[in-house]
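# Tertiary structure, described
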Number of protein chains: 2
Amino acid sequence: MDSDFGIPRELSPLQQLRSQYQPELPPCLQGTTVRVELGDGTTVSEASDSHIIARAFPHTLGQPLAHFLRETAKVSDAHIITQLPSIRVGIVFCGRQAPGGHNVIWGLYEALKVHNAKSTLLGFLGGSEGLFAQKTLEITDDILQTYKNQGGYDLLGRTKDQIRTTEQVNAALKACTDLKLDGLVIIGGVTSNTDAAHLAEFFAEAKCSTKVVGVPVTTNGDLKNQFVEANVGFDTICKVNSQLISNACTDALSAEKYYYFIRLMGRKHSHVALECTLQSHPNMVILGEEVAASKLTIFDISKQICDAVQARAGQDKNHGVILIPEGIIESIPEVYALLKEIHGLLREETGMRLLFLLLHPESDDSAQLSQIETEKLLAYLVETEMNKRLKEGTYKGKKFNAICHFFGYQARGSLPSKFDCDYAYAMMTVKNWSQNAGSTSTSIGRPAIHPAMVDLKGKAYELLRQNADKFLMEDLYRNPGPLQYDGPGADAKAVSLCVEDQDYMGRIKKLQEYLDQVRTIVKPGCSQDVLKAALSVMASVTDVLTTISSSSNGGQQTA
Amino acid sequence: MDSDFGIPRELSPLQQLRSQYQPELPPCLQGTTVRVELGDGTTVSEASDSHIIARAFPHTLGQPLAHFLRETAKVSDAHIITQLPSIRVGIVFCGRQAPGGHNVIWGLYEALKVHNAKSTLLGFLGGSEGLFAQKTLEITDDILQTYKNQGGYDLLGRTKDQIRTTEQVNAALKACTDLKLDGLVIIGGVTSNTDAAHLAEFFAEAKCSTKVVGVPVTTNGDLKNQFVEANVGFDTICKVNSQLISNACTDALSAEKYYYFIRLMGRKHSHVALECTLQSHPNMVILGEEVAASKLTIFDISKQICDAVQARAGQDKNHGVILIPEGIIESIPEVYALLKEIHGLLREETGMRLLFLLLHPESDDSAQLSQIETEKLLAYLVETEMNKRLKEGTYKGKKFNAICHFFGYQARGSLPSKFDCDYAYAMMTVKNWSQNAGSTSTSIGRPAIHPAMVDLKGKAYELLRQNADKFLMEDLYRNPGPLQYDGPGADAKAVSLCVEDQDYMGRIKKLQEYLDQVRTIVKPGCSQDVLKAALSVMASVTDVLTTISSSSNGGQQTA
């Protein structure tokens, strides 16, 4: 198996062009000098969980947040590192592949070599199993050549995505010790970053000097907080899916007789569906978070769709496109349970099974999730109801006709967008965050990172709500077209990212500018009036902020 | 409904850029002078059908083929037309939408206006139903603005795709007469072009002066002969599908545990699957034409796949991508019949129906074809067999894991590729061909255009066969990437088009050059030896060609 990895391969003309693209580094990561400002210690997102988290992470919780500074930054207590010793780092792909994963390796490789040409990067072959078995490939520029800015995880491969059992954790420890690694980088989503956090704590406990770093690479967009605004892969996935959704919209509008029910991969939460809606303006989207918040049943949802179909038919529109996130099924617990039961029954009747591929069993629950064809179930319920209404005369449109799709796997292997190429390349510096930020306890007692939900009070959702009626009735379909690498759209950022305005560090900087201005105005020589006014105002500011900070238990987490 | 058509709309940045693209015209269509060389009369592709065709098309069969010439062409008997009267033309979308359809309208509009600014182009709203009901929209530059180089058929829409019954044909005749049309252009695939041929004959019979023109726009690539090398839409569809197939290949190679079974839309024949295979190099493709030629059963095919899976596992490869054309099911008649029967039974048991969405009924047979999930059936059969082999110990690889996809509708609405934009824009000149070329009789007595099969003796298929073993075992996946409009790949032509070397007109030109050379060499003043040699050689050439021509009943059809 090993011989397949890291081998050079023939690239198509577009792949060749992309392989020559050099991602830009943010100013704070350019050059050979590293400047770090240490912030507050990490805390937990839910104050009520702090005891549990503190107990589970005695060695790693509370470490200061590191803020990388650009050369021109004026921070008096910044740590300035000009010489780095040669280090050995291992890197492993965990979890579902996402576009941009290869650039995390490339970016890390370049960063290691820039700081010390003697540093070594070892790739583990075949995912976590390669880690346990200590199968490595030393990363070189030659090896990277045909993988730069390319999709997939095929440079190193992945297998089982788990580093959790005692046996697995011990094997990881042994690998890192045997290979004398200073660092282990785990590329993955929510689950893999939870594993990374626990592994870091376990290593610290065992006095293993290997530092564990998790890098948030996942197509689901659900691994975020104020420090991590987006995940590597999310931008590409949303662009590829939006292309296909737009094509379905154009198709629906041309034929004027179909409703497309499109289910989108994205795990439990609906970030992908929300972003794709904002990019391509289909008629309707049903977010899992809305379903959960309003405790909708499958029949409520189906009725919502039926009413929409009927309203559109009233305007002579007998077509439409409806997005359904794959995770919606988890927000309708009674259906999930029912489908699982039916599935169990069907497995026993092997004679008939070829017809029952609605639920196709897979090894783990989350993979199975993507096999539940919620879109077909909904289309069936809507069709039945519309036929009933047609017979009763309450619906007078054309016979309802649904076509179902699942968009998931076909986007995961895509060439990464420019955004993901750049973002992934710079990603190797997001250290430690995964160990704590956003962690909270699970019901079974092992603390885990909770995937971020779509914020129903957030600006992206607000934008959707403001436009939902127009999207539904007016066919304002928007076609961003296929993913481009040049010209219009090539540098477009995710809509939700742009409107969410989560520039946390930017706002801290803005605040510091205000403080500096006050300091400049109020200095020896200023008038008594100015001094008095400043004192009075700043006293109340301090008062208010102290109150807020103590009630929210560490303000920076709730910004 | 009418108010939806032809309205300006907001375009995405990429769409805006594309709307400003000006397709290039071939030299023979540039300028205001038209030069036409008339060739042989049209004949039929199968000599045995000639009597039936002649009886069905007494007024339209045998008209000369028209060859448009560039300004510099030296053809003594060319018809040169410098002034064209103002004419009125109607245009209608029929059949499944294909990328580039809008450019046929734009190109025709520009051509009409260039030759006579008073000419009028009327678009029929809502497809053939709009034709029957005489619902028209006069095409103007304003209306075209946001539809130039854009996908879909939404400028005019489409509905029922039939102009066949006496009632329909009479309604079409009445519309053309009432609207005083000099021409009616029908944009569509095999079925619509068959309808166009019959309509032309019917109009000629009825002494209606409206000329009927069929334009081959179809995503299936099955409407071709030596005069029409490709259909509008085929290039885009293959590029979009190849992008998605490549992504699945990358995904398979990264995860190393899935087999993707991908079914491709494309009607009865396997042109799309063949072209996508040549573009993206998946491990395996099963062409309907191969299945039919070798009379394979569903179990033969399943065994072929099982043996491939086993051979790959022997090289530690537990992943792969297999393409299955949607039309394959028609090449396995026993399965088609069986599935139809099961479907009928299931419809009666409404209580359980929500589970039986394997076959989803639609209004016509061809739509139903795309609903038969052959890929799931095959995946099931392969899984069952691999589990058996695993138990028996003959197969020692990982547990077989299939993921199924159907790629069809999501490509149809795509922004057209540069090739399709250019080709469609120039397409308005392909006149009359559809009336005869390639026609042959059907069993029910009404002559119809037969969709072209993949030629198992052709060069594209030969290229596939030469590489099939390597594609199967060596994972030479090729990723052309998303459809680009600039840079590498933007001007790529379909692989099958390039290798098929069907440059019929080019070869005729080459022959004419040889004849000219002989004429230049053998003229008064040349030596007796040269004259004797030329006479002797040309006598045998003429002899041989006469023999071949008479035996093949009009050689140009069998080239």
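The preceding data block contains the structure.
Residues numbered from 1 in each chain as written. Chains lettered and ligands numbered in written order. Predicted model: local features only at pLDDT ≥ 70, side-chain atom pairs only at ≥ 80, totals over all residues. Heavy atoms only, no water.

### Side note on the overall build of chain A
A count of helices and strands for chain A gives 21 helices and 14 strands. In chain A, which comprises 559 residues, the proportion classed as buried is 55%. When contacts within chain A are restricted to residue pairs at least 6 apart in sequence, long-range pairs at least 24 apart make up 81% of them. (Helix = DSSP H or I, 4+ residues; strand = E, 2+ residues; numbered from the N terminus. Buried < 20%, exposed > 50% of the residue type's maximum accessible area, 1.4 Å probe, protein only. Contact = heavy atoms within 4.5 Å.)

### Topic: the side chain of asparagine 220 of chain A
Tracing the chain through its elements places asparagine 220 of chain A in the loop between β8 (211–216) and α8 (234–255). Every residue in contact with asparagine 220 of chain A, bar those within four places of it in the chain, is listed here: Arg96, Phe234, Gly266, Arg267, His271 and Val272 of chain A.

### Comments concerning the relation of the copies chain A and chain B
Note on the identical chains: chain A maps onto chain B by a rotation of 180 degrees and an axial translation of 0.0 Å, with an RMSD of 0.2 Å. The symmetry that links the two subunits is that of a two-fold axis. In this assembly the copies share their binding face: 100% of the residues contributing to the interface of chain A also contribute to that of chain B. (Least-squares fit on C-alpha atoms with pLDDT ≥ 70 in both.)

### What about the sheet that holds strand β4 (residues 88–93) of chain A?
Residues and elements named next belong to chain A. Within the open sheet, the five strands sit side by side as β6-β5-β4-β7-β8. Their pairing is mixed. In this open sheet, the two strands that pair with only one neighbour each are β6 (136–138) and β8. The mean angle between the axes of side-by-side strands here comes to 25 degrees, regardless of whether they run parallel or antiparallel. As judged from the five bridges shared by β4 and strand β7 (residues 183–188), these two strands associate in the parallel manner. Each residue of the ladder has a partner; that of phenylalanine 93, found in β7, is isoleucine 187. Sheet strands in contact with helix α7 (residues 190–205) are β7 and β8, and its direction is about 170 degrees off that of β8. (Pairing = 2+ DSSP bridges. Axes fitted to C-alpha atoms, helices over the stretch in contact; angles between N-to-C directions.)

### Considerations on the environment of glycine 157 of chain B
By the secondary structure assignment, glycine 157 of chain B is in the loop between α5 (141–144) and α6 (166–178). On the basis of relative accessibility, which here comes to 0%, the residue glycine 157 of chain B falls in the buried class. As for glycine 157 of chain B and leucine 253 of chain B, which are separated by 96 residues in sequence, their C-alpha atoms are 41 Å apart. Ignoring any residue separated from it by four or fewer positions in sequence, one finds glycine 157 of chain B in contact with Ser254 of chain A together with Phe5, Phe93, Gly126 and Gly127 of chain B.

### Concerning the pattern of salt bridges
Taken as a whole, this structure holds 38 salt bridges over all chains when the rule is applied. Between lysine 376 of chain A and glutamate 373 of chain B there is a salt bridge, with the nearest N and O atoms lying 2.8 Å from each other. Taken together, the positions of lysine 376 of chain A in helix α14 (residues 374–392) and glutamate 373 of chain B in the loop between α13 (365–369) and α14 (374–392) put the pair across two chains. The class for glutamate 373 of chain B is buried, based on a relative accessible area of 13%. Here lysine 239 of chain B makes a salt bridge to aspartate 235 of chain B, at a shortest N to O gap of 3.0 Å. (Salt bridge = Lys/Arg side-chain N within 4 Å of Asp/Glu carboxyl O.)

### What about unusual backbone geometry?
The phi angle at glutamate 256 of chain A is positive, at roughly 55 degrees, despite the residue not being glycine. Among the secondary structure elements, glutamate 256 of chain A is positioned in the loop between α8 and β9 (259–264). Since its relative accessible area comes to 4%, glutamate 256 of chain A is described here as buried. A positive phi angle, near 50 degrees, is found at aspartate 475 of chain B, a position not held by glycine.

### A short note on the interface of chain A and chain B
With 72 residues of chain A in contact, the opposing surface of chain B contributes 72 residues. Across the chain A/chain B interface, buried area totals approximately 6,600 Å², and carbon plus sulfur atoms make up 55% of it. For the pair chain A and chain B, the interface holds four salt bridges. Remark: the boundary between chain A and chain B carries 21 residue pairs in polar contact (both at pLDDT 80 or more). Elements represented by at least two residues in the side of chain A that touches chain B include exactly α1 (13–19), α8, α14, β12 (402–407) and α15 (409–412) of chain A. Per-element tally for the side of chain A that touches chain B: the top contributor is α8 of chain A, with nine residues. Broken down by class, the residue content of the side of chain A that touches chain B amounts to 32 nonpolar, 23 polar and 17 charged. (Buried area = accessible area lost by both parts, 1.4 Å probe. Polar contact = N/O pair within 3.5 Å; in protein donor to acceptor, adjacent residues only side chain to side chain. Nonpolar A, V, L, I, M, F, W, Y, C, P; charged D, E, K, R; others polar.)

### Looking at the sheet that holds β12 of chain A
Residue and element names in this part refer to chain A. Taking strand neighbours across the sheet as the criterion, the four strands line up as β10-β11-β9-β12 in an open arrangement whose pairing is parallel. Looking at which strands have only one partner, the edges of the open sheet turn out to be β10 (284–285) and β12. The sheet contact formed by β10 and strand β11 (residues 320–325) spans two bridges and is parallel. Residue pairing in the sheet places methionine 284 in a bridge with isoleucine 322 of β11.

### Brief notes about the environment of isoleucine 91 of chain B
Residue and element names in this part refer to chain B. One can find isoleucine 91 in strand β4 (residues 88–93). Isoleucine 91 sits in the buried class, given a relative accessible area of 0%. Along the sequence, isoleucine 91 and leucine 179 sit 88 residues apart, while their C-alpha atoms lie 12 Å from each other. In contact with isoleucine 91, other than residues within four places in its own chain, are Val104, Ile105, Leu108, Leu121, Leu122, Gly123, Phe124, Leu156, Val185 and Ile187.

### Points about the pairing of β8 of chain A
For a regular strand, side-chain orientation follows a simple rule: the groups alternate between the two sheet faces. All names here are of chain A. Within β8, five of the six residues are buried, which leaves the element mostly enclosed by the surrounding structure. Examined bridge by bridge, β7 and β8 share six bridges and lie parallel to one another. Following the sheet pairing, glycine 188 is matched in β8 by proline 216.

### Overview of a nonpolar patch on the surface
All names here are of chain A. Taken together, the side chains of Leu511, Leu515, Val518, Val537, Met538, Val541, Val544, Leu545 and Ile548 present a nonpolar region at the surface, about 720 Å² in accessible area. Among the elements of the structure, α20 (504–521) and α21 (528–552) are those that each provide at least two residues to the nonpolar patch. Broken down by element, the nonpolar patch gets its largest block of residues, six residues, from α21. Tracing the backbone shows valine 518 in helix α20. For valine 518, a relative accessible area of 34% corresponds to the partly exposed category. (Patch = residues over 30% accessible without salt bridge, like charges linked within 9 Å, V, L, I, M, F, W, Y side chains within 5 Å. Areas by Shrake-Rupley, 256 points an atom, 1.4 Å probe, with all protein chains shown as cover.)

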